[in-house]
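What follows is each chain in one-letter form.
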Amino acid sequence: DAGITQSPRHKVTETGTPVTLRCHQTENHRYMYWYRQDPGHGLRLIHYSYGVKDTDKGEVSDGYSVSRSKTEDFLLTLESATSSQTSVYFCAISESRGTHTGELFFGEGSRLTVL
Amino acid sequence: GQQLNQSPQSMFIQEGEDVSMNCTSSSIFNTWLWYKQDPGEGPVLLIALYKAGELTSNGRLTAQFGITRKDSFLNISASIPSDVGIYFCAGQQNYGGATNKLIFGTGTLLAVQP
């Protein structure tokens with residue numbers, strides 16, 4: 001299994017509070033991603049990173065920010081959590097070899113509930 | 001945003017039956033991939049397809065990259081109880097670089113009765 005750990009695995013928080021989810025990898029892969037999974041929507045990309053301090057928005061980036069200060073860590077921050085951000089969040093990594101960048105390795109997920 | 005239409009949404013079958021599911025899009029993709037998600041875990045890559053018309057197998061699983069590059073198919077032969085899970089297709093429009101984002105389908109839930 002790819003070395004990806006997400007923390008926390010479960011969190012319950014209140015509307016308006018800040019939340020940070022952490023993704024840590026031991027594979028030295030260049031690309032890191034944050035997805036959210038919701039019923040009926042599959043997996044939707046929030047933000048991704050293609051190197052240290054290099055990040056870009058995905059399709060559902062509003063209300064989220066990310067940071068990558070080290071190759072191994074990719075942080076997802078909800079500055080002021082809302083109930084619509086209740087979801088399961090997955091971190092993923094991929095190598096940068098040519099055509100194989102779509103071969104993602106996923107973490108086990110972080111379940112966030114915003115009350 | 002872009003969407004991949006994945007069907008069926010769910011399937012309830014008997015052990016030993018064959019399974020077929022597909023994914024279609026209005027856009028062309030350069031890469032098609034199939035992932036499986038077990039309950040409570042993250043998705044795991046099953047098969048990756050890189051050429052139009054390509055047919056690739058992984059054990060009892062066979063996937064095809066459609067000739068039009070707008071669709072892909074996954075077949076599972078002789079299903080077993082551990083095939084239970086959600087199957088996702090995913091398409092990618094660019095090779096490498098910074099714009100290598102995947103678009104995922106909405107998933108097919110597979111239940112297998114022993």
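The preceding data block contains the structure.
Residues numbered from 1 in each chain as written. Chains lettered and ligands numbered in written order. Predicted model: local features only at pLDDT ≥ 70, side-chain atom pairs only at ≥ 80, totals over all residues. Heavy atoms only, no water.

S.K.: Would you mind showing me how to read the overall build of chain A here?
M.R.: Broken down by element type, chain A carries zero helices and 11 strands. What you see in chain A, going N to C, is helices and strands ordered as β-β-β-β-β-β-β-β-β-β-β. Overall, chain A is about 40 × 30 × 25 Å in size when its C-alpha atoms are taken along their principal axes. For chain A, with 115 residues in total, the buried portion stands at 50%. (Helix = DSSP H or I, 4+ residues; strand = E, 2+ residues; numbered from the N terminus. Buried < 20%, exposed > 50% of the residue type's maximum accessible area, 1.4 Å probe, protein only.)

S.K.: Explain the sheet that holds strand β3 (residues 19–24) of chain B here, please?
M.R.: Hydrogen bonding along the main chain pairs the strands of a sheet, whether they run parallel or antiparallel. Residues and elements named next belong to chain B. Ordered by their spatial adjacency, five strands build an open sheet running β1-β3-β8-β7-β6, and the pairing between neighbours is antiparallel. At either end of the open sheet lies a strand with only one pairing partner, and these are β1 (5–7) and β6 (55–58). Each neighbouring strand pair of the sheet contributes to a mean axis angle of 15 degrees, computed without reference to strand direction. Here β6 pairs with strand β7 (residues 61–65) via four bridges, running antiparallel. Residue pairing for β7: Ser57 is matched across the bridge by Thr62. (Pairing = 2+ DSSP bridges. Axes fitted to C-alpha atoms, helices over the stretch in contact; angles between N-to-C directions.)

S.K.: For this particular structure, what's the right way to read the interface of chain A and chain B?
M.R.: Quoted interface sizes are often the accessible area lost when the parts come together. Facing 25 residues of chain A, the contacting portion of chain B comprises 25 residues. Taken together, chain A and chain B are joined by zero salt bridges. For the pair chain A and chain B, the number of links is three residue pairs in polar contact (both at pLDDT 80 or more). Breaking the side of chain A that touches chain B down by element, the ones donating at least two residues are β4 (31–38) and β5 (42–51) of chain A. Looking at which element gives the most residues to the side of chain A that touches chain B, the answer is β5 of chain A, with five residues. (Contact = heavy atoms within 4.5 Å. Salt bridge = Lys/Arg side-chain N within 4 Å of Asp/Glu carboxyl O. Polar contact = N/O pair within 3.5 Å; in protein donor to acceptor, adjacent residues only side chain to side chain.)

S.K.: For this particular structure, what's the right way to read the nonpolar core?
M.R.: In summary, soluble globular proteins display a tendency toward joint burial of nonpolar side chains. Residues and elements named next belong to chain B. Counting 22 residues, the largest nonpolar core has Leu74 and Leu110 as its most contacted members. Secondary structure elements with two or more residues in this core: β2 (10–14), β3, β4 (31–37), β5 (44–49), β7, β8 (71–76), β9 (85–92) and β11 (108–113). Leaving out residues up to four positions away in the same chain, Leu74 has contacts with Val19, Ser20, Met21, Trp34, Leu46, Ile47, Leu61, Thr62, Ala63 and Tyr87. (Core = buried A, V, L, I, M, F, W, Y, C linked by side-chain atoms within 4.5 Å.)

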